[in-house]
Structures are given as structure tokens and as C-alpha cells.
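Residue strings, one per chain:
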Amino acid sequence: MAIPIYQVIENDIKRDIKAGRLQQGDIIPSENELKDMYKVSRMTVRQALNNLVNDGYLYRHKGKGTFVSSRKIEKSIHGVRGFTEEMESMNKKVSNKVISFENKIATEEIADKLFLNVGDEIIYIERVRSGDGEPVLFEQLHLPKALFKDLNKKIMTGSFYNYIENSLNMRISHTIQSIEAKLSDQKTASALNIEKNQPVLFIMRNTFLSNGRPFEYVKSYYRADSYRFVQHAVKG
């Protein structure tokens, strides 16, 4: 039985990647070019490309086209490992762009996560985190102001965890987090240079110091074409 034409397109592109005819960073033909090559509808081409993006073979760069991906970054869901450490383990150059840094008042949700009272001061930060110049993570951080009175925008262009442990001599203990799949809204898409409604991996993380005090509540949006979450399990 003949396979669907969108799978033919997928298989052809996968074959070219595995054979080295398409390499990391190469741009692939546009939807219109593939439509003409295969004599199919644009919808069929888009289905094939969406599948390849979701499987990590390709990624989209808004306004520029669709490119061959590098291997996905593997993030363990056990332990507390910062973004900088993850990137350095893959020999990737880390850069952070702070797009918002402001004082706010804790809502009921934030107060509950940070062991604060409603109305206490917090620092709200948005930043985009990149590996080798490619944005892969959009973060929204909520921090207790009382803990980080000297924190500033410049510090947040570096490693926040290194600042906590090496400059403030605090010890990070553990984290509680939840993970789910989402579609990017316009704000997240713009931050990550992807199209709106592209899949992202969404983590809500509450991280604690060794004295049991929570020091951050973070909402993180990872590009699904760049990240893979890994769990190591042992039979009980």
C-alpha cells in the first residue's frame, strides 16, 4: 500500500540529513518550492515539515525559513542544573538577553510559591537564553526582593545560580517542577524567534535554598525543536 505523500517528503528530507546532503544549519527549500517539486498542496508540505520540526530534525527561524537542527539538548528532570551548565557541557556559547527587570507586588499565586505575604515586594524578570546565538529558552522569573536587594539587570545577563552560590554564598538545595506541552503565544514566539502556535515545553519551577526557603518561582518556555527531557528511572 502506498504511503501518504507527506511521509514521502519527510522520508526524503530525513534521508538527505542522514546522508549528509543536508547538514546542521542548512536551509531547506520553501513550502512553495517543495509544493512544486512534489506536485502536492501546500497543506501537505506543511504537515511534513511540522512533523520534522516536532521530531527535532528541523527548526523554523521566523522571517528566514526552515533549517536543519543540531542535536537536541538533553535536560535531565532530576537534579538542579542551570542553563549555563547545560550549554557548557555541550560546548555551546551562552548568552542571556534581559528584556524586563522590574519591581512588582506579590499576587496570591506568587506569594504562595515564595512563602511571602500578598503585597510583599518581588523582582520580576523576563530573559531570553541562547546557545551559540540561537534562542532556546524564554524565562519569567519571580524573586523575593528581600533576598536580592543588590540584584540588577547586568547580573542577570550571566548565570543567576553562580551569582547565588559564589557571590551570595547561599546553597541551592532542590526544586519542585511540573512539565507540560504547550503552543507558543505571540510573546513567547517573538522571544524565541519561532512562529506563533509552535510547540514549546513549559516548566513551572519552584527552587529552594538549603535552609528550606524558596528563592525563585520561574515559568520557562523551551523550544521543542531544541530540547528533549530525559528521566532516569530505577525499578522499585
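Anyway, here's the lowdown on the structure attached to this text. Only a predicted model underlies this, so the values are computations on that prediction, with no experimental measurement involved. (Residues numbered from 1 in each chain as written. Predicted model: local features only at pLDDT ≥ 70, side-chain atom pairs only at ≥ 80, totals over all residues. Heavy atoms only, no water.)

**Examining empty space enclosed by the protein**
Gaps left between atoms show up when a probe the size of a water molecule is rolled over them. All told, the structure shown has 1 cavity of 30 Å³ or more when counted by the stated rule. Size it by volume and the largest cavity reaches roughly 80 Å³. Surrounding the largest cavity, Val-53, Asn-54, Arg-60, Ile-194, Gln-198, Pro-199, Arg-223, Ala-224 and Asp-225 form its lining. Split into classes, the residues belonging to the lining of the largest cavity amount to 4 nonpolar, 2 polar and 3 charged. (1 Å grid on protein atoms, 1.4 Å probe; cavity = no way out; pocket = protein on both sides within 12 Å on 5 of 7 lines; lining within 4 Å. Points joined across faces, edges and corners; volume = space filled by probe spheres on them. Nonpolar A, V, L, I, M, F, W, Y, C, P; charged D, E, K, R; others polar.)

**Some words on the pairing of strand 8 (residues 199-209)**
Where burial is concerned, most of strand 8 is hidden: 9 out of the 11 residues are buried. Relative to strand 8, strand 7 (residues 172-183) runs antiparallel, the two being bridged by 11 bridges. Residue pairing across strands places His-174 opposite Phe-208, the latter belonging to strand 8. Inspection of the sheet shows strand 8 paired to strand 9 (residues 214-223) by 9 bridges, in the antiparallel sense. Bridged to Phe-208 within strand 9 is Pro-214. Hairpin remark: strand 8 followed by strand 9, antiparallel, with 4 residues in the connecting loop; positive phi at Gly-212, about 90°. (Buried < 20%, exposed > 50% of the residue type's maximum accessible area, 1.4 Å probe, protein only. Helix = DSSP H or I, 4+ residues; strand = E, 2+ residues; numbered from the N terminus. Pairing = 2+ DSSP bridges.)

**Here we look at helix 1 (residues 5-18)**
Between its first and last C-alpha, helix 1 extends 20 Å over 14 residues, near the 20 Å set by a 1.5 Å rise per residue. Regarding helix 1, the residues found buried are Tyr-6, Ile-9, Glu-10, Ile-13, Lys-14 and Ile-17. End-on, the buried residues of helix 1 take up no more than an arc of 130°, which puts them together on one face. Where the residues of helix 1 are buried, they touch helix 2 (31-38), helix 3 (42-54), strand 1 (58-61) and strand 2 (65-68). Positive backbone phi, at 85°, marks Gly-20, one or two positions downstream of helix 1. (Expected span 1.5 Å × (residues − 1). Arc of directions from axis to C-beta. Contact = heavy atoms within 4.5 Å.)

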